Amino acid sequence: MRRLLFESLVRRPLTEAKPAADDAMLGELAASLDRLARQRLGRSLSIREVDAGSCNGCELEIHALNNAFYDLERFGLHFVASPRHADVLLVTGPVTRNMREALQRTHDATPDPKWVVAVGDCAFDGGIFSGSYAVTSGMSQVVPVDLYIRGCPPRPEQLLKGLLALLEISSERQG
Ligand code: SF4
């Protein structure tokens with residue numbers, strides 16, 4: 001027993017090493033995103049996350065953008081509680097039948113200009129739920145989608161790159 005106690009004092013904790021992320025690259029991505037949002041909108045970007053029937057895997061990666069490691073809010077990008085305050089709808093899941101109307105109403109409640117970003121393979125074509133009686137076969141059948149970020153689930157860096165690409169494309173269109 002004493003040996004066990006001693007070992008537990010000197011042994012390293014059994015936790016995984018933190019993910020290897022290039023902090024400078026993340027900072028650059030988020031700063032570019034904030035700069036483009038201010039050019040396009042005159043302020044920082046507000047994001048409303050909508051779970052349209054996901055397995056929660058995509059949500060975990062989206063939530064990671066707000067954790068102490070990625071800390072998206074330090075660049076002025078933030079998640080909002082209402083679609084009425086949002087510029088971007090970040091939608092996950094295959095859009096279940098139960099969520100179809102809720103997603104349409106959320107889309108209607110979001111002021112223009114607005115963008116819809118479909119996150120994950122499920123949002124693209126139903127993913128692993130494709131063919132189920134309970135889901136639609138792709139988010140574009142329910143609301144217009146401006147950008148797909150593929151992956152099952154996509155990593156936080158991919159989410160940032162996707163949002164950046166969205167703003168770059170819309171700035172080019174605006175001229
Ligand atoms: S894309 Fe993958 S992680 Fe995301 S909701 Fe679908 S099954 Fe889950």
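Residue positions are given per chain, counting from 1 as you read along its sequence in written order. Owing to the predicted nature of the model, reporting of local features is limited to residues with pLDDT of at least 70; listing and counting of side-chain atom pairs is limited to 80 or more, with chain, interface and lining totals taken over all residues. Excluding hydrogens and water, the side-chain figures rest on all heavy atoms present in the structure.

1. Remarks on the site of the ligand
The condition that has to hold: Summary of the distance rule: residues count as near a molecule or strand when at least one heavy atom falls within 4 Å of that molecule or strand. Numbering of helices and strands runs from the N terminus, with a helix taken as a DSSP run of H or I at least four residues long and a strand as a DSSP run of E at least two residues long. Three residue categories are used. Nonpolar comprises Ala, Val, Leu, Ile, Met, Phe, Trp, Tyr, Cys and Pro, charged comprises Asp, Glu, Lys and Arg, and polar comprises the others, including Gly.
The immediate surroundings of the ligand are formed by Ser 54, Cys 55, Gly 57, Cys 58, Gly 120, Asp 121, Cys 122, Ile 128, Gly 151, Cys 152 and Pro 153. Secondary structure elements with two or more residues in the shell around the ligand: helix 3 (57-64) and helix 5 (121-125). Its residues assigned to classes, the shell around the ligand comprises 6 nonpolar, 4 polar and 1 charged.

2. Re helix 4 (residues 97-109)
The criterion, for reference: The rule is simple: take the accessible area with a 1.4 Å probe, protein chains only, and divide by the maximum for that residue type; under 20% is buried, over 50% is exposed, in between is partly exposed. Think of the arc as the fan of directions from the helix axis to the C-beta atoms. We call two residues in contact when some of their heavy atoms are within 4.5 Å.
Along helix 4, the positions that sit buried rather than exposed are Leu 103, Thr 106, His 107 and Ala 109. Projected down its long axis, helix 4 carries its buried residues within an arc of 155°, all on one side. Within helix 4, the exposed residues directed more than 90 degrees away from the buried face are Arg 97, Arg 105 and Asp 108. Looking at the buried positions of helix 4, the neighbouring elements they touch are strand 1 (46-51), strand 3 (88-92) and strand 4 (115-119).

3. Some words on the pattern of salt bridges
Condition: By convention in these notes, a salt bridge is any Lys or Arg side-chain nitrogen within 4 Å of a carboxyl oxygen on Asp or Glu.
This model, assessed by the stated rule, comprises 5 salt bridges. Its salt-bridge partner being Arg 105, residue Glu 101 comes within 3.4 Å of it at the nearest N-O pair. Taken together, the positions of Glu 101 and Arg 105, both in helix 4 and 4 residues apart, correspond to about one turn of that helix. Overall, Glu 101 belongs to the partly exposed group, its relative accessible area being 48%. When the shortest N-O distance is used, the salt bridge between Glu 157 and Arg 155 registers 3.5 Å. The class for Glu 157 is buried, based on a relative accessible area of 10%. According to the relative accessible area criterion, Arg 155 is partly exposed, its value standing at 40%.

4. Re the pairing of strand 4
To keep things clear, this is the line we draw: Only strands joined by at least two bridges in the DSSP assignment are considered to pair. Looking down the strands as they point away from the viewer, one classifies a crossover as right-handed if the path from the first strand across the helix to the second runs clockwise.
In terms of burial, strand 4 is a largely internal element, 5 of the 5 residues being buried. Judged by which residues are buried, strand 4 turns out to be covered on both faces: Trp 115, Val 117 and Val 119 on one side and Val 116 and Ala 118 on the other are all buried. Pairing geometry for strand 3 and strand 4, over 5 bridges, is parallel. Following the sheet pairing, Val 91 is matched in strand 4 by Ala 118. Once you follow strand 3 into helix 4 and on to strand 4, the crossover reads as right-handed. Inspection of the sheet shows strand 4 paired to strand 5 (residues 147-149) by 3 bridges, in the parallel sense. For Ala 118, the partnering residue across the bridge sits in strand 5 and is Tyr 148.

What is shown is where atoms sit, not what they do.
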